[in-house]
Amino acid sequence: MKALILDRPDGEDVVSEIRETAEDSLPDGDVTVAVEYSTLNYKDALVLAGQGGLVKTYPHVPGIDFAGTVETSSDERYAPGDRVILTGWRVGEIHWGGYAEKARVKADWLVPAPDGLDARTAMALGTAGFTAMLSIIALEEHGLTPDRGEVLVTGASGGVGSVATAILSRLGYHVAAVTGRPEQEEYLRSLGARSIVPRSELSEGGKPLESERWAGCVDAVGGTMLARVLSQMKHGGSVAAVGLAGGSKLETTVVPFLLRGVNLLGIDSVTAPYAKRVTAWDRLARDMPSELLEQTIRMATLDEVPQIGRDMLQNKTHGRVVVDLSE
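Quick look at the structure, then. (Residues numbered from 1 in each chain as written. Predicted model: local features only at pLDDT ≥ 70, side-chain atom pairs only at ≥ 80, totals over all residues. Heavy atoms only, no water.)

## Quick notes on the overall build of the chain
Part 1: What the chain contains, in helices and strands, is nine helices and 15 strands.
Part 2: Whereas a compact globule of 327 residues would reach a radius of gyration of roughly 20 Å, the chain reaches 20 Å, a difference of no more than 12%.
Part 3: Taken over the C-alpha atoms alone, the chain extends approximately 60 × 45 × 35 Å along its principal axes.
Part 4: Residue burial in the chain is summarised as follows: out of 327 residues, 54% are buried.
Part 5: The long-range share in the chain, meaning contacts at least 24 apart out of those at least 6 apart in sequence, stands at 71%. (Helix = DSSP H or I, 4+ residues; strand = E, 2+ residues; numbered from the N terminus. Rg over C-alpha atoms; globule rule 2.2 N^0.38 Å. Buried < 20%, exposed > 50% of the residue type's maximum accessible area, 1.4 Å probe, protein only. Contact = heavy atoms within 4.5 Å.)

As structure tokens, this is what we get:
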């Protein structure tokens, strides 16, 4: 099988190579999947660069999600020919992932592909889309409705932000998209964003409590921006925290939580339970407008993945990168 293999021969610099490797080199697992498509996420970019200490053992096959067809299975829940999706569970980090023509994983990590959702579309959504939908469901469960007011999406031109913007717009929300790149404004408006918020407006600290502005927020940035957003939430509003592109440290006060009843919701897409995964994928199949999803996609081959990963770490990409394993 063809695979993108990472190695660290000198103990420092990670090198990548696409080569043919034996199927018996795959790790142990219940189900072997013929991988059709994978994606390139920010975490993948970190793995490819050897950053973040995410990979402990080399050689390694990255790719934190994939979609394909079951080839063999020792678990009664899956049979050859079943269409499946995998995201999370630290696949692509501590377990070989989707940048190979085949993958072998635990059956518990898989979910059946919803009817009408093919492998390419599933990976156009991927971990980013799955995370965005988990965020939207959490916000809805905490009372968010379109009539409550504007919903902020930070890091809006990234993978999670792009999908969140498109779905929230489809559901009737007034989406305010945050970006630091003016050239992305047309792209974000094409996804349904009604207003654009320059990153500079939220990139510096403010008062513990500011004027109420946002009914909800999907935050992929964290750090100072998250602290500032919390101070601007409407009473009873919620922030779904999904990322830390702007830093993991959160310097804020308890004032928004005590005086406005603001909710800070942590979104775990890595080990989300099976039932929640199925619900999220069913919602994605129903609520993500396909015509908008196509606008977020950049197709790539395995050969192109390392360079795109470097570009992603330098904030030179937008939307979703779908990796075609047949190319």
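## Description of the nonpolar core
Part 1: Ile85, Leu125, Leu168 and Trp281 are the most contacted members of the largest nonpolar core, which has 51 residues in total.
Part 2: If you list the elements that add at least two residues to this core, you get α2 (119–141), β8 (151–153), α3 (159–170), β9 (175–179), α4 (185–190), β11 (214–219), α7 (274–287) and α8 (290–296).
Part 3: No other element matches α2, which puts 14 residues into this core.
Part 4: If near-sequence neighbours (up to four positions away) are discounted, Leu168 is found in contact with Ile136, Val151, Val153, Tyr173, Val175 and Val218.
Part 5: Residues Leu48, Val55, Val105 and Ile308 belong to the second largest nonpolar core, which totals 40 residues. (Core = buried A, V, L, I, M, F, W, Y, C linked by side-chain atoms within 4.5 Å.)

## As for the pattern of salt bridges
Part 1: On inspection of all chains with the given rule, the structure shows 17 salt bridges.
Part 2: Across the salt bridge formed by Arg90 and Glu93, the nearest N and O atoms sit 3.1 Å from each other.
Part 3: The shortest N-O distance in the salt bridge between Arg286 and Asp287 comes to 3.2 Å.
Part 4: The exposed category is assigned to Arg286, whose relative accessible area is 55%.
Part 5: Exposure remark for Asp287: the relative accessible area of 7% places this residue in the buried category.
Part 6: Here the residues in one salt-bridge network are Glu23, Glu71, Lys102 and Arg104, joined through shared partners. (Salt bridge = Lys/Arg side-chain N within 4 Å of Asp/Glu carboxyl O.)

## Quick word on the sheet that holds strand β13 (residues 263–266)
Part 1: In space, the six strands of this open sheet follow the order β10-β9-β8-β11-β12-β13, with parallel pairing throughout. On the outer flanks of this sheet lie β10 (195–198) and β13, each paired with one strand and no other. The mean inter-strand angle of the sheet, taken between neighbouring strand axes irrespective of direction, is 20 degrees.
Part 2: Bridging between β11 and strand β12 (residues 233–241) involves five bridges; their strand directions are parallel. Within β12, the residue paired with Cys217 across the bridge is Val239.
Part 3: Packed on one face of the sheet, α3 meets β8, β9 and β11 and runs near 155 degrees to β8. (Pairing = 2+ DSSP bridges. Axes fitted to C-alpha atoms, helices over the stretch in contact; angles between N-to-C directions.)

## Here's the deal with the environment of Thr317
Part 1: Mapped onto the elements of the fold, Thr317 is located in the loop between α9 (305–313) and β15 (320–324).
Part 2: Overall, Thr317 belongs to the buried group, its relative accessible area being 14%.
Part 3: When the C-alpha positions of Thr317 and Ser157 are compared, they lie 8.5 Å apart, and in sequence the two are 160 residues distant.
Part 4: Ignoring any residue separated from it by four or fewer positions in sequence, one finds Thr317 in contact with Arg181, Arg298, Ile308, Asp311 and Met312.

## Things to note about the packing of aromatic side chains
Remark: the centre distance and the inter-plane angle together describe each pair of aromatic rings, the angle taken between the planes.
Part 1: Enumeration over the complete set of coordinates arrives at one aromatic pair.
Part 2: Seen in terms of ring centroids, Phe130 and Trp281 are 6.0 Å apart; in terms of plane orientation they differ by 5 degrees. Their pairing is stacked. Highlighted residues: Phe130 in helix α2 and Trp281 in helix α7, separated in sequence by 151 residues. This pair shows no difference in class: Phe130 is buried, exactly as Trp281 is. (Phe/Tyr/Trp six-rings, centres within 6.5 Å; stacked < 30°, edge-to-face > 60°.)

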